[in-house]
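Report on the structure
Residue-level listing of the chains:
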Amino acid sequence: MAPFRHFLAALAPAVLLVAASGQVTDPASVARRASAAMKGRDFETAERLYSQLSRTFPDEPGLALNLGLARYSSGKFDEALVDLNRFLQAQPDHGPAWLIVGISHQKLDRPHEAVGPLQRAVDLNPGNRIARLELADALLRSGRPVSALTEFRRLQQQDSSDPRVWLGLGLSYTELSSRAAEALERAAPSSAYHRLLLGHSALARQRYRAAFGHYRAAQALDPEAPGTHDSVAEVYRQTGRADWASAELSKSRPRAPCEQRRLECGFEAGDLDQVLLESEGRATPESLYWRARALAGKARIAHERLMDLPPSSASYRLLASIEDLAGRSAEAVRAWRQAIRLDPDDVALRRNLLRSLSAAGLQEESIGEARALLQIRPESVAARFHAGRAMLELGRVDEAVPLLEGVAGLDARARVPLATAYLRSGRGSEAIPLLEAALGDGEDERLLFQLSRAYQSAGRTADARSALERRQRAMSARPRASVSNEITPP
């Protein structure tokens, strides 16, 4: 509020404006009332009063700042951005205003647009921990984990007791590990190293049969592949077959000296930073494999540090993410609720809760939570999408259609549910463009079947038949599962 107070001090005490339409006759009094309203958290009153002042003094940038803060505080982030950007045109080096602009974009789930303002806020005040934390989060959410990791590391060096920092470090390392795994899949999809990574992923999710099949496939591709006997033995142990584990380990052969397998030995010694240093920029299957594993190891260490801290929203968010990853959606729901209890203002937690509720098939609860989120964020695309899809699952098609129509242009996930709702409403012709867009160049069997129904409903018999023929070809070309469904003895 300081900018406007300085402005008022410069006014002659006797100045009273003519009471023209909507203009203020006693600006000092209105400014005091607005300030008191902000302090009392009566943001609607503050917004109304600052809006009056801003109309009366349109060239005073401090009023734009105060009005923007009032609107931001009442959750009107899009409107706040207009006022704050107007203020920043006059005072481009105002760090706190850049911070609020960035956070507003974050609140609106626009991390890409948040990065620039938040970077400016950090540049103007490098010691502002809140700005750097928001920047790190925006970078991570906008698909820039390397840059996010740099910021989270700086934050960790400043304060190692912040659970949000350890969560961010863990998520950044996890994303980078996934990217290394994807690079390995692109470079050598039929290699033993790729099979090993698939096995480790399945084992982490407690999908023991799938893990066993991948490990055996890796052994078949390369009997010398690192750690296969140990990995198979771990599957045996996890499934209660200790005798089989011992028999499997007895098959292990002497390994080459560490000079010939530096990455493997570095990983086994726990020198993950050295593994990352030596594997950086190298695209061989071996380097990508150990890089993916080292990054996953760094993520695990960060998450362990997080779990050593007192319970927090961040720790419950991690637990929920782990449960989601393992397919235990009902358990994830409970963890998301605990996180929300500790941080009720974090809308991202509520969006994640909606996703887990949907995966758990808890449609009525999903609708209730979506409505609660809409009370906080009336513009929430995620809330409308999940509410619409839940209503569709419950057969409440007439209620689902307007919700899904309202977000189909903003969230591609809404296309197929909206097309399904149209089909159930006898509006097949309206479903066609949605299904065609969702299908793209792919040959998804389920979408092709729905598209055939939509064509049939619209009287396009030849197109319906063509879609069914494409579906049949896709089904015929589907590769047979190569992973064993049985865990067999050594």
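So, how was this worked out
Residues numbered from 1 in each chain as written. Predicted model: local features only at pLDDT ≥ 70, side-chain atom pairs only at ≥ 80, totals over all residues. Heavy atoms only, no water. Helix = DSSP H or I, 4+ residues; strand = E, 2+ residues; numbered from the N terminus. Buried < 20%, exposed > 50% of the residue type's maximum accessible area, 1.4 Å probe, protein only. Contact = heavy atoms within 4.5 Å. Areas by Shrake-Rupley, 256 points an atom, 1.4 Å probe, with all protein chains shown as cover. Lys, Arg positive; Asp, Glu negative; His and termini not counted. Charge placed at Lys NZ, Arg CZ, Asp CG, Glu CD. Disulfide = S-S within 2.5 Å. Axes fitted to C-alpha atoms, helices over the stretch in contact; angles between N-to-C directions. Parallel < 35°, antiparallel > 145°, perpendicular 65-115°, else oblique. Left-handed = near helix turned anticlockwise from the far one by under 90°. Nonpolar A, V, L, I, M, F, W, Y, C, P; charged D, E, K, R; others polar. Phe/Tyr/Trp six-rings, centres within 6.5 Å; stacked < 30°, edge-to-face > 60°. Core = buried A, V, L, I, M, F, W, Y, C linked by side-chain atoms within 4.5 Å. Patch = residues over 30% accessible without salt bridge, like charges linked within 9 Å, V, L, I, M, F, W, Y side chains within 5 Å. Salt bridge = Lys/Arg side-chain N within 4 Å of Asp/Glu carboxyl O. pLDDT = per-residue confidence, 0-100. Expected span 1.5 Å × (residues − 1).

**Describing the overall build of the protein chain**
Assigned secondary structure in the protein chain consists of 27 helices and zero strands. For the protein chain, the spread of C-alpha atoms along the principal axes amounts to about 95 × 65 × 35 Å. Across the 490 residues of the protein chain, 45% fall into the buried class. Sequence separation of 24 or more characterises 49% of the internal contacts of the protein chain that already satisfy a separation of 6 or more. Only carbon and sulfur atoms are counted for the fraction: they give 50% of the accessible area of the protein chain, which is about 24700 Å². For the protein chain, the separation between the mean place of its 66 positive charges and that of its 61 negative charges on side chains is 1 Å.

**Here's the deal with the state of the cysteines**
Under the criterion given, the structure shown has one disulfide. In this model, C258 is linked to C265 through a disulfide, with the two sulfur atoms separated by 2.1 Å. Here C258 and C265 share a disulfide; its torsion about the S-S bond, -85°, makes the bridge left-handed. The buried category is assigned to C265, whose relative accessible area is 11%.

**Description of the packing of helix α8 (residues 129-141) against helix α9 (residues 145-158)**
Interhelical geometry of α8 versus α9 gives an angle of 150° and a closest axis separation of 8 Å. Our classification of the angle between α8 and α9 gives roughly antiparallel. The hand of the α8/α9 crossing is left-handed. Between α8 and α9, the residues in contact are R129, R132, L133, L135, A136, D137, L139 and L140 and P145, S147, A148, E151, F152, R154, L155 and Q158, respectively. The class makeup of the residues in the contact of α8 with α9 is nine nonpolar, two polar and five charged.

**Side note on the packing of aromatic side chains**
For the structure on display, the rule yields six aromatic pairs. Ring geometry for F212 versus Y236: centroids 5.8 Å apart, planes at 50°, classification tilted. Pair noted here: F212 is in helix α12 (residues 208-221) and Y236 is in helix α13 (residues 228-238), with a separation of 24 residues, a long-range link. In this structure F212 comes out as buried when scored by relative accessible area, which is 2%. Residue Y236 is classed as buried on the basis of its relative accessible area, which comes to 0%. Following the ring pairs from residue to residue traces out a cluster consisting of Y193, F267, Y289 and W290.

**Some remarks on the nonpolar core**
One finds F152, L169, L184, Y215, V235, Y289 and W290 to be the most contacted residues of the largest nonpolar core, which totals 76 residues. If sequence neighbours within four positions are ignored, W290 has contacts with Y193, P226, L263, E264, F267 and V275. Counting residues in hydrophobic clusters, the runner-up holds 38 residues, among them V407, Y422, I432 and L439.

**Some details on a nonpolar patch on the surface**
On the surface, a nonpolar cluster with roughly 240 Å² of combined accessible area is contributed by M307, L319 and I322. When you line up the elements, L319 lands in helix α18 (residues 313-325). For L319, a relative accessible area of 34% translates into the label partly exposed.

**Some points on the pattern of salt bridges**
One pass over the structure, following the stated rule, counts 36 salt bridges. A salt bridge links D324 to R355, with the shortest nitrogen-to-oxygen separation between them at 3.2 Å. With D324 in helix α18 and R355 in helix α20 (residues 347-359), this residue pair connects regions lying 31 residues apart in the sequence. Judged by relative accessible area, which is 37%, R355 ranks as partly exposed. In this structure, E430 engages R427 in a salt bridge whose closest nitrogen and oxygen atoms are separated by 2.8 Å. A residue is classified by how much of its surface remains accessible, and E430, at 34% relative accessible area, is partly exposed. In this structure, a network of salt bridges that share partners links the residues E47, R71, K76, E79, D83 and R86.

**Some details on unusual backbone geometry**
Even without being a glycine, R41 presents a positive backbone phi close to 60°. Within the secondary structure, R41 sits in the loop between α2 (27-39) and α3 (43-56). Relative accessible area serves as the criterion here: at 63%, R41 is assigned to the exposed category. The backbone phi angle of Q206 is positive, close to 65°, even though this residue is not glycine. Looking at the element boundaries, Q206 is found in the loop between α11 (192-204) and α12. Exposure remark for Q206: the relative accessible area of 46% places this residue in the partly exposed category.

**Topic: the confidence of the model for the protein chain**
Here the protein chain averages 89 in pLDDT, while 93% of its residues score no lower than 70. Helix α7 (residues 111-124) holds the highest mean pLDDT among the elements of the protein chain, 97, whereas helix α1 (residues 2-9) holds the lowest, 39. Overall, residues 1-22 carries pLDDT values under 50, and its contacts beyond four positions in sequence, including any with other chains, amount to 31 contacts.

**Some thoughts on the packing of α12 against α13**
Look at α12 against α13: their axes get within 10 Å of each other, and the N-to-C directions meet at 160°. In terms of orientation, α12 and α13 fall into the roughly antiparallel class. In this structure, the crossing between α12 and α13 has a hand that is left-handed. Between α12 and α13, the residues in contact are Y208, A211, F212, Y215, R216, A218 and Q219 and T228, H229, S231, V232, V235, Y236 and Q238, respectively. Its residues assigned to classes, the contact of α12 with α13 shows eight nonpolar, five polar and one charged.

**Observations concerning helix α19 (residues 329-342)**
The terminal C-alpha atoms of α19 lie 20 Å apart, and with 14 residues this matches the ideal 20 Å at 1.5 Å per residue to within 8%. Three or more residues of α19 are buried, namely S329, A332, V333, A335, W336, A339 and I340. Buried residues in α19 make contact with α18 and α20.

**Things to note about the environment of A437**
Relative to the helices and strands, A437 is located in helix α25 (residues 428-439). Assessed through its relative accessible area of 40%, A437 is described here as partly exposed. Separated by 201 residues in the primary sequence, A437 and Y236 place their C-alpha atoms 45 Å from one another.

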